[in-house]
Amino acid sequence: MQLKVDCKQVKFSAHAIQRMFEREVNKKSVSYVIINGEIIAEYPNDTPYPSYMILGFVGEQPIHVVIAFDSKNKVCYIITAYIPDKTKWLPDYKTRKK
């Protein structure tokens, strides 16, 4: 069973938007990854909300999106989004190289 987050609202911090701009990742792609991607890492002890790393593909392009999820209000806060570096990730883009 694949775990999903149910975001009723997505909020982007100024920092996340700046980093996305620098990395050429747009809001539409981030939303697509949240809806269609796969959670590849969970950080349940993060505060103020648990966070998740989600892997999705927009066309052939892999994208990682890290969100903090307020499950009570169903709000996803975008922490960062980026195109994973092939030198740091295995070809599945789910596993970091050692």
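Look above for the structure.
What comes next is a walk through the structure. Please read all numbers here as calculations on a predicted model, not as lab measurements.

Counted by the stated rule, this structure contains two aromatic pairs. With centroids separated by 5.6 Å and ring planes inclined at 5 degrees, the aromatic side chains of Y49 and Y77 adopt a geometry described as stacked. With Y49 in the loop between β2 (38–43) and β3 (51–58) and Y77 in strand β5 (residues 75–82), this residue pair connects regions lying 28 residues apart in the sequence. Look at Y49 and you get partly exposed, because its relative accessible area is 27%. The ring of F12 carries K27 above its face, with NZ or CZ at 5.1 Å from the centroid.

All right, on to the side chain of D70 then. Within the fold, D70 resides in strand β4 (residues 61–70). Buried and unpaired, D70 has K72 as its nearest opposite-charge partner, separated by 7.2 Å. Here K72 takes part through its backbone nitrogen, which lies 3.2 Å from a polar atom of the side chain of D70. Other than its neighbours up to four places away in sequence, D70 contacts Y49, V75 and Y77.

A few words on the nonpolar core. Here is a general trend for soluble globular proteins: nonpolar side chains tend to be buried in one another's company. Core analysis: the largest hydrophobic core is formed by 18 residues, its most contacted members being V5, V30, I34, I54, V65, I67 and I78. Sorting the residues of this core by element identifies α1 (14–23), α2 (27–36), β3, β4 and β5 as the ones contributing at least two each. Here the element with the most residues in this core is β4; it accounts for four residues. Leaving out residues up to four positions away in the same chain, I67 has contacts with V5, I34, P50, S51, Y52, I54, C76, Y77, I78 and I79. Core analysis: the second largest hydrophobic core is formed by seven residues, A41, L55, V66 and Y82 among them.

Quick notes on the rules
- Residues numbered from 1 in each chain as written.
- Predicted model: local features only at pLDDT ≥ 70, side-chain atom pairs only at ≥ 80, totals over all residues.
- Heavy atoms only, no water.
- Phe/Tyr/Trp six-rings, centres within 6.5 Å; stacked < 30°, edge-to-face > 60°.
- Helix = DSSP H or I, 4+ residues; strand = E, 2+ residues; numbered from the N terminus.
- Buried < 20%, exposed > 50% of the residue type's maximum accessible area, 1.4 Å probe, protein only.
- Lys NZ or Arg CZ within 6 Å of the ring centre and 35° of its normal.
- Lys, Arg positive; Asp, Glu negative; His and termini not counted.
- Salt bridge = Lys/Arg side-chain N within 4 Å of Asp/Glu carboxyl O.
- Polar contact = N/O pair within 3.5 Å; in protein donor to acceptor, adjacent residues only side chain to side chain.
- Contact = heavy atoms within 4.5 Å.
- Core = buried A, V, L, I, M, F, W, Y, C linked by side-chain atoms within 4.5 Å.

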